[in-house]
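Single-letter residue listing:
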Amino acid sequence: MPETQVTTALVNDVPVEVGPKENVIQVARRAGVEVPHYCWHEDLSVVASCRMCLVEVGETKPDGSVVMGPKLVPGCQTPVKPGMVIKTDSQKVKTSQAMTLELLLLNHPLDCSICDQAGECYLQDYTFKYGKAQSRLDEPKVQREDKYHIGDQIALFTDRCVMCTRCVRFTREISGTAELQVVARGSVEEIDVFPDEPCNNKLAGNVVDLCPVGALCSKDFLYKKRVWWLKSQKSVCPGCSTGCSIEVDQNENQVYRLRPRSNPLAQGNFMCDDGRFGFKYVVDERRLKTPTLKNSVAANGAASRNGNGHANKDLADLVVADPWPEVMKQTRERIKAAVKANGSDFAAVLSPMMSVEEAYLLASFLKGLDSRVRLLLGPVPVAGANDCYPKGPKGEAPATDKTKFTIRNEKCPNRVGVEMVLKHFQGAVVPLEKAIEGSSTINAWYFVGGYPQGWVTEAIDRAVGTPNLLIVQDIFPSPLSMRADIVLASAAFTEREGSFVNHAGLAQSFKAATRPIGEARSDGRLLSELLERKGLYNAMVIRKEIGEEISAFKKFGGGDLGEYGISLMNRQEVGV
Amino acid sequence: MTSLNGDNFKPVLLRRLGLPNSQTLNSYRADGGYTALTKALTMQPNELIDLVKASGLRGRGGAGFPTGMKWSFLPQNVNGPIYMCINGDESEPGTFNNRIIIEEDPHQILEGIVIGCYATKATTAYFYLRYEYGRCYRTLQKAVDEMYAANLLGKNILGSGYSLDIYLHRGACAYICGEETGLIESLEGKRAWPRIKPPFPAIEGAFRRPTVVNNVETMACVPHIVNNGAEWFQSMGVPKDPNNARDAGSYGPKLYCISGHVNKPGLVELPLGVTARELIDKHAGGVWKGRKAKAVVPGGISMGFLSADELDTPLDFNGPGKAGCLGLGTAAVVVIDDHTSMMDVLYNCCRFFAHESCGQCTPCREGTAWSTKILERIRAGHGKLADLDILEEISASIGTIPGTTICGLADGAAWPIKNALKKFRPELEEYIKSGRKSESPQLVGAH
Amino acid sequence: MSELSEDTKQKIRDHFVRYPTKQAVTLPALHMIHDQRGCVSNKAMREVAELLDLAPSQVNDTLSFYGYFRSEDSPSGEKRVWVCRSLPCMLRGGEELLAELCKRWGIMPGQTTPDGKVTLELAECLGACDGAPCILVGDELSLRMTADSVEQEIGRTS
């Protein structure tokens, strides 16, 4: 009879399957057992220096007896083999945990009340679970200078630091920029930067997330909100085609910060500072906050009160309760009239900022009116070359197989997804720039923007001219919105729900974290109304429809794309 | 072979001490130097490893690991370079044996290094020397230059086909560089934070290549073993304990450093196993000023203390451990007379380790600093009896509980505390109860 | 204007053949610079980093770990005197020697006399316990010292 192969380890007497190359912390985590740790992080080299994760391990002998090792071992540094016996709750382990915490807290200030990290601090959490209530230090605590010079976005509260060196390792191993260093030795050592060389690389903000305590803080978020008031929503960063999974942290409809959400299929555990701090446009003063109609039969001489910089009358004054029903009615009617006049002279420009669902709704509406309606891909913003990390000592890019993080030069989240929709509806992707080369017969336009920056180039402006119909669905005013017949004030990414397909074909869904600004409406909602669909806009429902209708989106069939998203194609198909 | 212990013993490593021009190649060769190398180069590397294994030579740097076994841990059929690092970072308080043999007889060590490198197939040796040994540095550099000129180093040594380079590498005042992986990190140009093990240096050491790290005195023994054989080496010292299967014996001559309150501090060479009492009375002229010894450090301060009634402890690899100390360490004996306060001694030890803690592991970084602060307060006259319990707990968490830190420095920092509390607690309690203030000056200065 | 002379830079580069990585030349390079100037300035660290393909912070990280290198804010005086205070020297008057030198020279450990002649440093075990109390001047050890013999050694009268 073949012997049964042991494939499990025992964590506090509970058997757990052992995966390849897993350490004690990871295996215990799957058993639901927390092994407290500070210095270990799955993306960084193992230093095993905080000594918080010390556990006891042993092995099961062939006769079934268990022999425990004589030493405490760091869980982070100890690979788990089948048959291993792990104890994380023995008296020896508990004593060690309590003492390590007492030592870490010896000179740690009791300033939780003014510390940004309070509420999500591993010193607080672990001390509560594994520590002692009191310190026996009888001497004055060592006080150290705060360091606001660490980076444009980063402050170091030096005496809160536990010297886990995660931040230093991050800048050496992930960003490769190596700005952070340890200075001095022993109990006087500190984290610092080289004089006049602050930590301002484009991944720098990650060191704030990596810091397990309140030492490294984000200046942008500093003292703005206690973290326990924040509500998190799962989202996807629209800053580039990497499509980092993120959390949007908001309170009372105000976004306070973005944080990377771990996603092995998308970007890993980090995000770039362009994305992290790039959400401010969502609450920009200049946002389009109300819809507007020009030359409307409904428009009378009421005074404008909108802040959009438009000369047009503001419907909010006319239809006090809600301008949208009239706007949507007219939008629908005028599109239909224009398409009826000549479908092939009607063009809709779908921006790569749109979600798959939004693109699908607009495309299916227009193609449903007349298959000759032309669907164009809006400008795809590209800035320079892909920015790959870790950088070499002279700032050079890493080899492809050594790349750990890429900020992509395509500064939009969903070119791939929108192109897939366009291909379905008209077989080919025609970029706007191409369509306006030379003379064009288009005399009715429906533009969707949604870009954080201006996108209407002089060429676009000239080519559009003064058509019979100009509809602009956007978040910021532009030369086109200034003269548009209809402006549909739409929503930024934190205000919408839907899905993006990243550069590699990974489709990820995102949820709305905040309500749209002013009277603006989420694109999904206003497009649903354009189609006179029943009920509230629900991206999941639309995804199911898309999954049935478009073969390339077959995997949308279930509607739910899960925590990490779903890969829609292999890399060749995406063309990367 | 008859035992060379006792009166039959003649100095081996120090035999050329004080001879005129003892540092020069000519003088060394005139005394038979480099015959061992010539002989070794005719042997197979594995034969040499077996010979060193058979001799029972154990590392003289502090840990006492069998040298031949260490060499045999290198992987077979290595592609690419193997490195040897010579640990000349001797910094353990009380220890100066390497300094003297380097200054007086550098070729003896260098010959051992070349033989060791040949045996381990190393092609580059880095001699890591603590910065403070400037004279050693210049002596060694001169000796290495002589060797290159005489084809004892460089390409095709003595026509054997074997090539080796030796580079001197100076430290910069950090005790932790004496820890072998701290040394490797320092050699690589980084802060000397000891590495986690595994991988051990034999598999992944300097520059992530297979590496052997050996102490200076250890290498000085090698030419003599090649010349005189394993049996000769085993005729000195203390044989294996037949009742202890794990005992590797304490063979060969050993350099004992004697310092502190004795009439004649200095370096003596004796077979392993001499007692502390014999060292003090017979070889160091007795305790100074007609006083008595209160405590004796058996092998550098990290080993802890022998009390006055433990002075008959043999200073071999097992003796100090049996008396509750950490081990033989560097065999640096520091004698403390009965007029000295153990509180001052303990403070001095704790301050040393707080100053030298590399700062990597939490328990050592924080624990050494905390224990120093407590002792500062006690010495300022503000001690409490409960402080002794906290000190005991700190010593347990920084070292005496195995596995709490990456390297052995923390063990070394813990042992003096543990020993002082165990062996001198009444005196420490009396000190605290008396509310006495230390007279010795407290100077706070730069790092 | 470069802080390191071309000669020094070349001496640093000459060390590259000894090690498989350039980073390993960090300590030799820092010693060379310190020997010349009694300190390693920030600019010099940048130039070393440039030579060794490192970030300046990596050089500073290493440098600051060791007790030896002084910064540009407080370069070493003409003579640098280290007084050992570890146990064997303490037992034979090392601390008293240090206190006496502080008194005579009017400076604390780590400081330099106003005339820039002497820098006094605390040392942990210098490895000359057979001659306790001992001192290190530059990189030469002197054994069995008194305050008078220290002053004689460095050619200074109080």
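What you see is a predicted model; the values in this text were computed from it and never measured.

## What about the interface of chain A and chain C?
Interfaces are often sized by the accessible area lost when the parts come together. Of the residues lining the interface, 13 residues belong to chain A; the matching set on chain C comes to eleven residues. A breakdown of the residues in the side of chain A that touches chain C according to their chemical character gives nine nonpolar, one polar and three charged.

## Notes on the packing of helix α5 (residues 97-104) of chain B against helix α7 (residues 134-149) of chain B
All names here are of chain B. Two elements in contact, α5 and α7, have axes whose closest approach is 8 Å; the angle formed by their N-to-C orientations is 40°. Between α5 and α7, the angle is such that the two are oblique. Of the two elements, α5 crosses α7, and the hand of that crossing is left-handed. Packed against α5, whose contacting residues are R99, I102 and E103, the element α7 presents R135, C136, T139 and L140 at the interface. Across the contact of α5 with α7, the residue classes break down as three nonpolar, one polar and three charged.

## Examining the nonpolar core
The biggest cluster of nonpolar side chains holds 353 residues, and the ones touching the most others in it are L350(A), W445(A), C85(B), V296(B), V333(B) and V83(C). Excluding its chain neighbours within four sequence positions, the residues that come into contact with C85(B) are Y126(B), Y128(B), L183(B), I184(B), L187(B), A206(B), T211(B) and V213(B).

## Re the interface of chain C and chain B
The interface is formed by 42 residues belonging to chain C together with 49 residues belonging to chain B. At the level of elements, α2 (26-37), α4 (56-65), α5 (87-91), α6 (94-105) and β4 (140-142) of chain C are the ones that each hand at least two residues to the side of chain C that touches chain B. Here the residues of the side of chain C that touches chain B are counted per class, giving 25 nonpolar, ten polar and seven charged.

## Here's the deal with the sheet that holds strand β1 (residues 79-84) of chain C
Residue and element names in this part refer to chain C. One open sheet accounts for four strands, arranged β2-β1-β3-β4; its pairing is mixed. Looking at the sheet topology across the chains shown, the edges are occupied by β2 (118-123) and β4. Across the sheet, the mean angle from the axis of one strand to that of its neighbour is 25°, orientation sign disregarded. Sheet analysis places β1 next to β2, joined by six bridges and oriented parallel. Within the sheet, the bridge partner assigned to V81 lies in β2 and is L120. α6 contacts β1 and β2 of the sheet and is inclined by roughly 145° relative to β1.

## Some points on the sheet that holds strand β10 (residues 231-236) of chain A
Residues and elements named next belong to chain A. Within the open sheet, the three strands sit side by side as β10-β11-β12. Their pairing is antiparallel. Two strands bound the open sheet, and with one partner strand each, they are β10 and β12 (254-260). Across the sheet, the mean angle from the axis of one strand to that of its neighbour is 30°, orientation sign disregarded. One ladder, built from six bridges, connects β10 with strand β11 (residues 245-251); its direction is antiparallel. Along β11, the bridge assignment pairs S235 with I246.

## Structural notes on helix α3 (residues 45-55) of chain B
Because an α-helix packs 3.6 residues into every turn, residues spaced three or four apart end up facing the same way. Residue and element names in this part refer to chain B. Considered for burial, the residues of α3 that qualify are L48, I49, L51, V52 and S55. The buried side chains of α3 occupy one side of the element, clustering within an arc of 160° when seen end-on. In this structure, the buried residues of α3 make contact with α2 (35-40), α4 (67-72), α6 (106-120), α9 (216-234) and β6 (250-251). A positive backbone phi angle near 80° is found at G56, which sits one or two residues after α3.

## Brief notes about unusual backbone geometry
In terms of backbone geometry, most residues other than glycine have negative phi values and most peptide bonds are trans. Here the residue pair P198(B) and P199(B) is connected by a cis peptide bond, since its omega of 0° sits within 30 degrees of zero. Within the secondary structure layout, P199(B) lies in the loop between α8 (180-187) and β4 (211-215). Here the bond from A132(C) into P133(C) is cis, since omega is -5°, no more than 30 degrees from zero. At A331(B), a residue that is not glycine, the phi angle is positive and equals roughly 55°. For A331(B), the position within the fold is in the loop between α11 (319-322) and β11 (332-337). Using a count of 29 C-beta atoms within 10 Å as the deciding quantity, one classes A331(B) as buried. Unlike most non-glycine residues, D53(C) shows phi in positive territory, near 60°. Mapped onto the secondary structure, D53(C) falls in the loop between α3 (42-52) and α4. Take D53(C): there are 13 C-beta atoms within 10 Å of it, and that puts it in the partly exposed class.

Analysis parameters
- Residues numbered from 1 in each chain as written.
- Chains lettered and ligands numbered in written order.
- Predicted model: local features only at pLDDT ≥ 70, side-chain atom pairs only at ≥ 80, totals over all residues.
- Contact = placed C-beta atoms within 7 Å.
- Nonpolar A, V, L, I, M, F, W, Y, C, P; charged D, E, K, R; others polar.
- Axes fitted to C-alpha atoms, helices over the stretch in contact; angles between N-to-C directions.
- Helix = DSSP H or I, 4+ residues; strand = E, 2+ residues; numbered from the N terminus.
- Parallel < 35°, antiparallel > 145°, perpendicular 65-115°, else oblique.
- Left-handed = near helix turned anticlockwise from the far one by under 90°.
- Core = buried A, V, L, I, M, F, W, Y, C linked by C-beta atoms within 7 Å.
- Buried ≥ 20, exposed ≤ 12 C-beta atoms within 10 Å, placed from the backbone.
- Pairing = 2+ DSSP bridges.
- Arc of directions from axis to C-beta.

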